[in-house]
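The chain contents come next:
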Amino acid sequence: MFTKDIYVQRRKALCAQLQSGLLLFLGNKEAPYNYLDNTYRFRQDSSFLYFFGLDEANLAVTIDLETGAETLFGDDIGIDSIVWMGPKPSMREKADRVGIAHVRPMADLANTVKKAAASGRMVHYLPPYRYANKITLMDLLGIHPNEQKANASEAFIRAVVALRAVKQPEEVVELDKAANIGYMMHYTAMKMAKLGMLEQELVGVMEGIAVSNGTMPSFPIILSQNGETLHNHSHHQILTDGRLLLIDAGAETNSHYASDFTRTIPSGGKFTQQQKELYNLVLEATDHAISLCKPEVPFKEVYFAASRIITEGLKGMGIMKGNTDDAIANGAHAMFFPCGLGHNMGMDVHDMEDLGENFVGYDDTVTRSTQFGLKSLRMAKALKVGNVMTVEPGIYFIPALMDKWRAEKVNTDFLCFDEMDKFRSFGGIRIEECIIITQNGYRMLGSKRLPVTVEEIEGVMQE
């Protein structure tokens, strides 16, 4: 937790952006994974953490925008819970810790919310993503779970995004910690990777580093020699010479701030000439994209700059052809680069995605495309000081996509399908860095950059 004053000021800044009504914050509940008392590791809702810092289950808060009254709802535990789980601070102590004046039992929440709704007041809530909270919201407001996202308060969402998107100094300290844990995870995997190992062995080591230095990995680790599958969580293969191993992983600190890095390494410790050529192309796109990041630069322009480098490089290898700008305008590059360039990061590794990507990455200056590839751009609007972003270009050879576009004659003016066939078993390459936008440009998070050049990676793996 941060100091009480930080949470008080965050809530004041939030309320200053909203006019009237009742703000409803639902904290998360425990979630059993095979029976009631055997639960998944608890993870509090990130917006609840941001404004209240209380990292415990079964809590809710209301803020009355007219009177300014803040009320924490929850129940003190009884002796049975103390016997099994140990003593906990009282609800009054929790409220005092974060500057909340009023405390009431959870049973009173329904009456408070229903009374406000019955009197015609607006009850502002954020779109829920946990099933338990969807049921609670249905009980409180009578809104079916299928309709809750559409009926969530847009004013509330926009106010939260405006605050959480700009990281404060205390948050940056935590993000740097998360980056340093992520460094340890990746560096150790580079050092340990040896032919004949199971991918799963490396995943276990990386998860152990995350847990021993923070709460957990910031998302399920992606580690696979089939790197063409963008979010590949299968780890059953044996490291085989001549293949590439894509590792996308990060850590979450004890205060729940995240990191997210990707490195692509040769399973046998040395890149082939073909792998080296494509890897250096992705690295060129990565470094150039990062160099463009500064305040007021639209992230969509950074995406297109990376796309041009990838397209030009693939043309040089005979895999693409034609005019570069026309190829990109027609989405031909998305055959190899079907995802966006990066995402906001903070307490959530895809920061505030639960609130809606369009609220986080788009505004009235830019609308989301429906074109394949470009529609996956999570962040398009202009960067601001304090934004924390990932930058992660890649090149992927996806056989199913190659077959589909060839059969449907998609972008035949720009794609050399016969040459592409030579790469059907290549896999994928992604390089991902975490940066924060500063007054003069950017800086990378963490104490130092992970090994990233061909020479650096091979050197670490062969030590």
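Each value, and the rule that gives it
Residues numbered from 1 in each chain as written. Predicted model: local features only at pLDDT ≥ 70, side-chain atom pairs only at ≥ 80, totals over all residues. Heavy atoms only, no water. Pairing = 2+ DSSP bridges. Helix = DSSP H or I, 4+ residues; strand = E, 2+ residues; numbered from the N terminus. Axes fitted to C-alpha atoms, helices over the stretch in contact; angles between N-to-C directions. Contact = heavy atoms within 4.5 Å. Phe/Tyr/Trp six-rings, centres within 6.5 Å; stacked < 30°, edge-to-face > 60°. Buried < 20%, exposed > 50% of the residue type's maximum accessible area, 1.4 Å probe, protein only. Lys NZ or Arg CZ within 6 Å of the ring centre and 35° of its normal. Polar contact = N/O pair within 3.5 Å; in protein donor to acceptor, adjacent residues only side chain to side chain. Salt bridge = Lys/Arg side-chain N within 4 Å of Asp/Glu carboxyl O.

### Notes on the sheet that holds strand 6 (residues 102-104)
1) Next: With mixed pairing, the 5 strands of this open sheet are ordered in space as 6-5-4-1-7. Only two strands of the sheet have a single partner each, and these edge strands are strand 6 and strand 7 (123-125). Neighbour-to-neighbour, the strand axes of this sheet turn through a mean angle of 25°, independent of strand direction.
2) Next: Against the sheet, helix 5 (residues 109-118) touches strand 1 (22-26), strand 4 (60-64), strand 5 (70-73), strand 6 and strand 7, its axis set at about 145° to strand 1.

### A closer look at the packing of aromatic side chains
1) Next: Enumeration over the complete set of coordinates arrives at 17 aromatic pairs.
2) Next: Each ring, one from F25 and one from F52, has its centre 4.9 Å from the other, and the planes form 85°; the classification is edge-to-face. Of the two residues, F25 sits in strand 1 while F52 sits in helix 2 (residues 46-52), which places them 27 residues apart along the sequence. In this pair, the class of F25 matches that of F52, namely buried.
3) Next: Between Y303 and F337 the ring centres are 5.5 Å apart and the planes differ by 35°, which places this aromatic pair in the tilted class. Taken as a pair, Y303 in helix 12 (residues 299-316) and F337 in the loop between helix 13 (324-329) and helix 14 (357-361) lie far apart in primary sequence, 34 residues in all.
4) Next: Since its relative accessible area comes to 0%, F337 is described here as buried.
5) Next: Over the face of the ring belonging to Y50 we find R10, whose NZ or CZ atom lies 3.9 Å from the ring centre.

### What to know about the environment of R263
1) Next: Its location among the elements puts R263 in strand 12 (residues 261-266).
2) Next: The class of R263 is buried, set by a relative accessible area of 1%.
3) Next: Polar contacts involving the side chain of R263 include one to the main-chain carbonyl oxygen of E432, which spans 3.3 Å.

### So, helix 8 (residues 154-164)
1) Next: Within the span of helix 8, buried status applies to F156, I157, A159, V160, V161, L163 and R164.
2) Next: Summarising the contacts, the buried residues of helix 8 are in contact with helix 1 (4-15), strand 1, helix 2, strand 7 and helix 14.

### Structural notes on the pattern of salt bridges
1) Next: Here the structure, examined in full by the defined rule, presents 32 salt bridges.
2) Next: E312 is paired through a salt bridge with K315; the nearest N and O atoms lie 3.9 Å apart. A residue pair is termed a helical-turn pair when its members lie 3 or 4 positions apart in one helix, as E312 and K315 do in helix 12 at 3 residues.
3) Next: According to the relative accessible area criterion, K315 is partly exposed, its value standing at 24%.
4) Next: Note that E357 and R378 form a salt bridge whose closest N and O atoms lie 3.0 Å from each other. Of this pair, E357 sits in helix 14 while R378 sits in the loop between helix 14 and strand 13 (388-391); the two residues are 21 residues apart in sequence, bridging distant segments of the chain.
5) Next: Taken together, the salt bridges that share partners define one network made up of D403, R406, D418, D421 and R424.

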